[in-house]
Amino acid sequence: MSSRILNKNILYLYFQMRHNSNRTCIVKIGREKYCRMYPVTVVNSDGSSITIRYHEPRKIINLPMDTSQLTPEEFQKHLNRKKVQEKVVIEEQPEDDFDINRYSHLWKTKPQNKK
């Protein structure tokens, strides 16, 4: 008889208890902060990359280069890449022999037959 009661108690632990909607308004999330984590690719200064979970939706994060480990030549190349490049200014347009009348047949409409 006692084994039967014991079996009922064990089975009761396996069953899921259902609650009504009033329970959901009383219960709160047991975390201090519930945040969404987004997959983000992190690129190291040596070019290797890993995927991490980050709190902001970003596509990629580039880590800065450690310039103390560069040779003087590599350091100068690195600085030259950061400099603002001069804009190319076109002084005057070259003469061309483009004639717009050669293509006028493309935008003229055909006359419609009226009865």
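Report on the accompanying structure. Computed from a prediction, not measured in an experiment: that's the story for all the values here.

**Regarding the overall build of the protein chain**
- Secondary structure summary: the protein chain contains three helices and three strands in total.
- Going residue by residue from the N terminus, the α and β elements of the protein chain occur as α-α-β-β-β-α.
- For the protein chain, with 115 residues in total, the buried portion stands at 5%.
- Counting only contacts in the protein chain whose residues sit at least 6 apart along the sequence, the fraction spanning at least 24 positions is 0%.
- When the accessible surface of the protein chain is summed, it comes to about 12,800 Å², and 53% of that surface belongs to carbon and sulfur atoms.

**Observations concerning the environment of F75**
- When you line up the elements, F75 lands in helix α3 (residues 72-82).
- Beyond its immediate sequence surroundings of up to four residues, F75 is in contact with T67 and L70.

**Concerning the packing of aromatic side chains**
- Counting across every chain of the model gives one aromatic pair.
- Here the aromatic rings of F98 and Y103 are separated by 5.8 Å at their centres, their planes lie at 15 degrees, and the arrangement is stacked.
- F98 gets classed as exposed once you look at its relative accessible area, which sits at 55%.

**Structural notes on the environment of D66**
- Among the structural elements, D66 can be located in the loop between β3 (60-62) and α3.
- A polar side-chain atom of D66 sits 2.9 Å from a polar atom in the side chain of S68.

**Here's the deal with a nonpolar patch on the surface**
- Taken together, the side chains of F98, I100, Y103, L106 and W107 present a nonpolar region at the surface, about 590 Å² in accessible area.
- Secondary-structure assignment places L106 in the segment after α3.
- We classify L106 as exposed; its relative accessible area is 61%.

**Regarding the pattern of salt bridges**
- Applying the stated criterion across every chain, the model contains one salt bridge.
- With a closest N to O distance of 3.4 Å, R58 and E56 form a salt bridge.
- Relative accessible area serves as the criterion here: at 42%, R58 is assigned to the partly exposed category.

**Some points on the sheet that holds strand β2 (residues 49-54)**
- In space, the three strands of this open sheet follow the order β2-β1-β3, with mixed pairing throughout. A single partner strand is all that each edge strand has here, and the edge strands are β2 and β3. This sheet shows a mean twist of 35 degrees between the axes of neighbouring strands, independent of strand direction.
- Where strand β1 (residues 38-43) and β3 come together, three bridges link them in parallel fashion. Looking at the pairing, V43 lines up with N62 of β3.

**Here's the deal with a negative patch on the surface**
- A contiguous patch of negative charge on the surface is contributed by E91, E92, E95, D96, D97 and D99.
- Along the polypeptide, E92 turns up in the segment after α3.

Thresholds, definitions, all that
- Residues numbered from 1 in each chain as written.
- Predicted model: local features only at pLDDT ≥ 70, side-chain atom pairs only at ≥ 80, totals over all residues.
- Heavy atoms only, no water.
- Helix = DSSP H or I, 4+ residues; strand = E, 2+ residues; numbered from the N terminus.
- Buried < 20%, exposed > 50% of the residue type's maximum accessible area, 1.4 Å probe, protein only.
- Contact = heavy atoms within 4.5 Å.
- Areas by Shrake-Rupley, 256 points an atom, 1.4 Å probe, with all protein chains shown as cover.
- Phe/Tyr/Trp six-rings, centres within 6.5 Å; stacked < 30°, edge-to-face > 60°.
- Polar contact = N/O pair within 3.5 Å; in protein donor to acceptor, adjacent residues only side chain to side chain.
- Patch = residues over 30% accessible without salt bridge, like charges linked within 9 Å, V, L, I, M, F, W, Y side chains within 5 Å.
- Salt bridge = Lys/Arg side-chain N within 4 Å of Asp/Glu carboxyl O.
- Pairing = 2+ DSSP bridges.
- Axes fitted to C-alpha atoms, helices over the stretch in contact; angles between N-to-C directions.
- Lys, Arg positive; Asp, Glu negative; His and termini not counted.
- Charge placed at Lys NZ, Arg CZ, Asp CG, Glu CD.

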